[in-house]
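A closer look at the structure
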There are 2 protein chains.
Amino acid sequence: MARPLKSREALEAIFRPKSVAVIGASSSPEKWGFKIFKNIIDAGFQGPLYPINPRGGEILGFRCYPSVKEVEGAIDLGVIVIPAKLAPEAIRDLGEKGIKAAIDITGRFSEVGPEGEALQRRLVEEAERYGVSVIGPNCQGVNNPYHGFCASWPLLKERGHIAILSQSGTVGAALMDWAAQERLGVSAFVSMGNRADVDEADLIAYLNTDEHTKAIALYLEGVKDAPKFLEAVKGLKKPLIVLKPGRTEAGRRAAESHTKSLAGKDEVYRGVFKQFHIHRAETLEELYDFAKALAYLNRPKGKKILIVTSSGGSGVIATDQAAEEGLDVAPLPQTLAEQLRSFLPSHFIVGNPLDLTGDATAELYRQVAEAAAPHYDTIVLLFGDPIEGASEVVSKDRGDLVIFL
Amino acid sequence: MARPLKSREALEAIFRPKSVAVIGASSSPEKWGFKIFKNIIDAGFQGPLYPINPRGGEILGFRCYPSVKEVEGAIDLGVIVIPAKLAPEAIRDLGEKGIKAAIDITGRFSEVGPEGEALQRRLVEEAERYGVSVIGPNCQGVNNPYHGFCASWPLLKERGHIAILSQSGTVGAALMDWAAQERLGVSAFVSMGNRADVDEADLIAYLNTDEHTKAIALYLEGVKDAPKFLEAVKGLKKPLIVLKPGRTEAGRRAAESHTKSLAGKDEVYRGVFKQFHIHRAETLEELYDFAKALAYLNRPKGKKILIVTSSGGSGVIATDQAAEEGLDVAPLPQTLAEQLRSFLPSHFIVGNPLDLTGDATAELYRQVAEAAAPHYDTIVLLFGDPIEGASEVVSKDRGDLVIFL
């Protein structure tokens, strides 16, 4: 029985809740129940926020409720940070209160053996009975900086255009750290955890219509539900980049042990990725870089590439790399060569790569890039030693690729 | 006529000069003649240092001489920072003074066309007439932190075990920047420039007997003198790692244009590298990483590798990568599995990769690594989220590989 993709509405309360309850919120700073609650506040969440803890009292100035049922107002989303054995009942409470969405951060479910598997089955039963959509369990939560909503860590508030979906919390967090370091931000982050309910297919379909997402970066150890996944990628309009280990037999076994699901033969994945134009990354760095390029750069119209450098050696390395990737490091057309010779110092060798040598100035780079733009699809500007004003000569519209050594 | 490798003595004055003259030293802080002179001082050079400048006066407290011939004491090495057209005469002056070594930083020789080529020929003629060994011209100089001698930039004083040789100044400087950032240091740095006289073969042979060098990282666009190069690598006892672009036709053409020499067919290089156990890097990052590993880590005795992680996802990625590199991510031997189960929490899955989960402590890592050491050649310790005391459990003697996410 193929499960249908979740509707946009079902996931809306997870990404854009109007009001949130944190089940297991805590006033002890070392507990996740405190850290998550604080991150939601610090991210700037604007709606009503309810800490749920039977001990009562206050947390960070918010009055605690003993149960979601005691809250008078409506609640869109429950974030669950209580021990696994209490989670199924928490889902039931949400359901009885009419809450249709939950994020379960807590671990010790299917990933720890038979007892955890039984707990996870009970959690799913409650979720299905009440129609609650659940992220997790055993996950690192959800962050939507466009909604000021971070039920996750690390806290990242910068708004960007890459959506990060990860089957591993730490792998996702590593990507988030890079996005934070580069001040690039994200459009959304979801640590999917055990995917007891909501899976990568649901999220891909949702983000496909998200206005802020321009590329989806996915760390995936194995597809949860193949027909659903195919349904999601069939309609995909945005670039999807996947890091999927299991290229080797040892990797496949490790993935299956980690996710307690079939990782599947790599040939099958290769075929699907190719058919649906899914970009495959081989390393975490590639996953990040490919997503960044696809989200932020214009797609070049063709393969012709000009390499402009202040370092001859770097130009040679870049040429080799570009040619290996199938790009065309094409000789300068006669007209362009003549034009360049008219303003470049006479001792320069006019070619591709074009070595502006240590005498390079930002103005020289600008002149060269403008002259070359009609002749090339991509212009690589390689800056060796620091050059004053270098970043100002870069034009996104021209499709410049920039490398600072 | 095959040229012989330079003797150790001929190069000793370049790496360990007792006294140095800087021809073209300047008191203008924006000039290379100032920057180089200052770096020699700041690196802590202990011997007599003579700025040579016909204008006289003082530079940074050192009395200027109008010519090396006016210096009364003996000089081991001349560092040349004057325009190309004056360089051949400078070499002649060195020769007449009995100085047997020079580093010519200045450019505009063979790399800029026929006029520069003629100048370079004259420079070589003077060097050969007087038996002066010359590094460069058109180079970024030499640094030997063990001698407190940096006639180069960036200034790096940290003493390490990687020797960096580069045909490109900027590529070499990029490697130096990494070595500085990581506080790893180098045993020597040589920017070889146009290699009019001293070439990579001479330097490899010299560094092969240098007590501080444990690995040689070489950026090479084309071998200068094939028989000499083969002579040098034939007797090599230390790991040599080479980044050699020209794997593609476009890259080969770019290399030949840059170095004004035959880059040669890549098949020939592949054959030579294989025969003489030279490690080939495909990127600058690999050149640095391979050199670092070969200089600082014990060589594992075999291919058996255990991956210990606090992040399941990272463990899966590492397993896939290790298997792809031909390593054996071998299952735990029965005795080890039992030993681990005796102290690991019962909900842990005992396997390889071994996922210590978010509950991992430094102590757990230590216990696991010690128990596993007799069974594996390499133990990878993967730290996901920061773990207090993590770095203390790492043992170089055990051959641990450590990755902080």
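All values reported here derive from a predicted model rather than from experimental measurement. (Residues numbered from 1 in each chain as written. Chains lettered and ligands numbered in written order. Predicted model: local features only at pLDDT ≥ 70, side-chain atom pairs only at ≥ 80, totals over all residues. Heavy atoms only, no water.)

1. Description of helix 8 (residues 249-259) of chain B
Counted only if it meets this: With a 1.4 Å probe rolled over the protein chains alone, any residue whose accessible area is under 20% of its type maximum counts as buried; one over 50% counts as exposed, and the rest are partly exposed. By definition, any uninterrupted DSSP run of H or I lasting at least four residues is a helix, any uninterrupted run of E lasting at least two residues is a strand, and each is numbered from the N terminus. Note on definitions: a residue-residue contact is assigned when non-hydrogen atoms from the two residues lie within 4.5 Å.
Buried within helix 8 of chain B are the following residues: B:Ala250, B:Gly251, B:Arg252, B:Ala254, B:Ala255, B:Glu256 and B:Thr259. Contact partners of the buried residues in helix 8 of chain B: helix 11 (312-324) of chain A. Count one or two residues on from helix 8 of chain B and you reach B:Lys260, which has phi positive near 55 degrees.

2. Here we look at the packing of helix 12 (residues 334-343) of chain A against helix 13 (residues 362-372) of chain A
Residues and elements named next belong to chain A. For clarity, the threshold we go by: Throughout, an axis means a line fitted to C-alpha atoms (over the contacting stretch in the case of helices), and angles, computed between N-to-C directions, take values from 0 to 180 degrees. Small angles under 35 degrees read as roughly parallel and large ones over 145 as roughly antiparallel, with 65 to 115 read as roughly perpendicular and the rest as oblique. By convention the crossing between two helices is left-handed if the near helix lies anticlockwise of the far one by an angle smaller than a right angle, and right-handed if it lies clockwise. Residue polarity is assigned by list, with Asp, Glu, Lys and Arg as charged and Ala, Val, Leu, Ile, Met, Phe, Trp, Tyr, Cys and Pro as nonpolar; anything else, Gly included, falls into the polar class.
For the pair helix 12 and helix 13, the least separation of the axes is 10 Å and the interaxial angle reads 160 degrees. In terms of orientation, helix 12 lies roughly antiparallel with respect to helix 13. For helix 12 against helix 13, the interelement crossing comes out right-handed. Where helix 12 approaches helix 13, its residues Leu 336, Gln 339, Leu 340 and Phe 343 are matched on the opposing element by Leu 364, Gln 367, Val 368, Ala 371 and Ala 372. Here the contact of helix 12 with helix 13 is composed, by residue class, of seven nonpolar, two polar and no charged.

3. Describing the pattern of salt bridges
Residues and elements named next belong to chain A. Inclusion rule: Definition used for salt bridges: Asp or Glu carboxyl oxygen within 4 Å of a side-chain nitrogen of Lys or Arg.
For the structure on display, the rule yields 52 salt bridges over all chains. Among the salt bridges present, the one from Glu 267 reaches Arg 270, with a minimum N-O distance of 3.8 Å. Taken together, the positions of Glu 267 and Arg 270, both in helix 9 (residues 266-275) and three residues apart, correspond to about one turn of that helix.

4. Comments concerning the relation of the copies chain A and chain B
The pair of chain copies shares a relation made of a rotation about an axis and a shift along it. For clarity, the cut-off: The fit set for superposing copies consists of C-alpha atoms from residues with pLDDT of at least 70 in both; the fit itself is least squares.
You can overlay chain A on chain B at an RMSD of 0.1 Å; the transform is a turn of 180 degrees with a shift of 0.0 Å along its axis. When the rotation and shift are considered jointly, the pair of chain copies conforms to a two-fold rotation axis. Proximity to the rotation axis, assessed at the C-alpha, singles out A:Glu285 in chain A; its C-alpha lies 6.3 Å from the axis. With an isologous cut-off of 70% or more, the 100% of interface residues of chain A that recur at the interface of chain B puts this contact in the isologous class.

5. Side note on the pairing of strand 1 (residues 20-23) of chain A
The line we're drawing: Handedness of a crossover is defined as follows: orient the strands so they point away from the viewer, and if the path from the first strand over the helix to the second runs clockwise, the crossover is right-handed.
Of the two faces of strand 1 of chain A, both are covered, the one formed by A:Val20 and A:Val22 as well as the one formed by A:Ala21 and A:Ile23. You can see the chain leave strand 1 of chain A, run along helix 2 (residues 32-42) of chain A and come back into strand 2 (residues 49-52) of chain A, and the turn it takes is right-handed.

6. Some details on the side chain of A:Asn53
All names here are of chain A. Looking at the element boundaries, Asn 53 is found in the loop between strand 2 and strand 3 (58-59). The class of Asn 53 is buried, set by a relative accessible area of 15%. Sequence-distant contacts of Asn 53, defined by excluding residues within four places in its chain, comprise Ala 25, Ser 26, Cys 64, Tyr 65 and Pro 66.

7. Quick notes on the interface of chain A and chain B
Spelled out, the test is: Simply put, the buried area is the total loss of 1.4 Å probe accessible area from both parts when two parts are fitted together. Pairs of N or O atoms are called polar contacts if they sit within 3.5 Å, as long as, within protein, a hydrogen donor faces a hydrogen acceptor (for residues adjacent in sequence, only side-chain-to-side-chain pairs).
Each side of the interface is counted separately: chain A has 43 residues, and chain B has 43 residues. Of the roughly 3,300 Å² buried between chain A and chain B on both sides combined, carbon and sulfur atoms contribute 60%. On the surface where chain A and chain B come into contact, there are four salt bridges. Linking chain A with chain B are 13 residue pairs in polar contact (both at pLDDT 80 or more). Of all elements in the fold, only helix 5 (169-181), helix 8 (249-259) and helix 11 of chain A reach the threshold of two or more residues within the side of chain A that touches chain B. In terms of residues, the side of chain A that touches chain B owes the most to one element, helix 11 of chain A, which gives ten residues.

8. With respect to the sheet that holds strand 17 (residues 378-383) of chain B
Residue and element names in this part refer to chain B. How we decide: One bridge is not enough; two strands pair if DSSP finds at least two bridges between them.
With parallel pairing, four strands are arranged side by side in an open sheet as 16-15-17-18. Among the strands making up the open sheet, the edge pair consists of strand 16 (354-355) and strand 18 (400-404). Alignment of strand 15 (residues 305-309) against strand 16, held across two bridges, turns out to be parallel. When the sheet's bridge partners are listed, Val 308 is paired in strand 16 with Leu 354. The sheet contacts of helix 13 (residues 362-372) involve strand 15, strand 16 and strand 17, and relative to strand 17 the element is tilted by about 165 degrees.

9. Quick word on unusual backbone geometry
Residue and element names in this part refer to chain A. That bond from Gly 136 to Pro 137 is cis: its omega, -5 degrees, falls within 30 degrees of zero. For Pro 137, the location among the structural elements is in the loop between strand 7 (133-135) and strand 8 (141-144). Of note, the bond from Trp 153 into Pro 154 is cis; its omega dihedral lies within 30 degrees of zero at -5 degrees. Following the sequence through the fold, Pro 154 ends up in the loop between strand 9 (149-152) and strand 10 (159-166). Backbone geometry places Arg 195, a non-glycine residue, at a positive phi of 50 degrees.

10. A closer look at the sheet that holds strand 15 (residues 305-309) of chain A
Residue and element names in this part refer to chain A. Strand order across the open sheet formed by four strands is 16-15-17-18, with parallel pairing between neighbours. The sheet is open, and its two edges are formed by strand 16 (354-355) and strand 18 (400-404), each paired on a single side. Its contacts with the sheet place helix 13 against strand 15, strand 16 and strand 17 (378-383), and it is angled at close to 165 degrees to strand 17.

11. Observations regarding helix 4 (residues 114-130) of chain B
All names here are of chain B. Here is the rule we go by: Given the number of residues in a helix, its expected span is that number minus one, multiplied by 1.5 Å. Note that the arc is computed from the directions linking the helix axis to the C-beta atoms.
Along its 17 residues, helix 4 runs 25 Å from first to last C-alpha, staying within 8% of the 24 Å computed at 1.5 Å per residue. Residues of helix 4 that are buried: Gly 116, Leu 119, Gln 120, Leu 123, Val 124, Glu 126, Ala 127 and Tyr 130. Viewed along the axis of helix 4, the buried residues span an arc of 160 degrees, placing them on a single side of the element. Of the exposed residues in helix 4, the ones pointing more than 90 degrees away from its buried face are Pro 114, Arg 121, Glu 128 and Arg 129. Each element contacted by the buried residues of helix 4 is listed here: helix 3 (87-97), strand 6 (101-104) and strand 7 (133-135).

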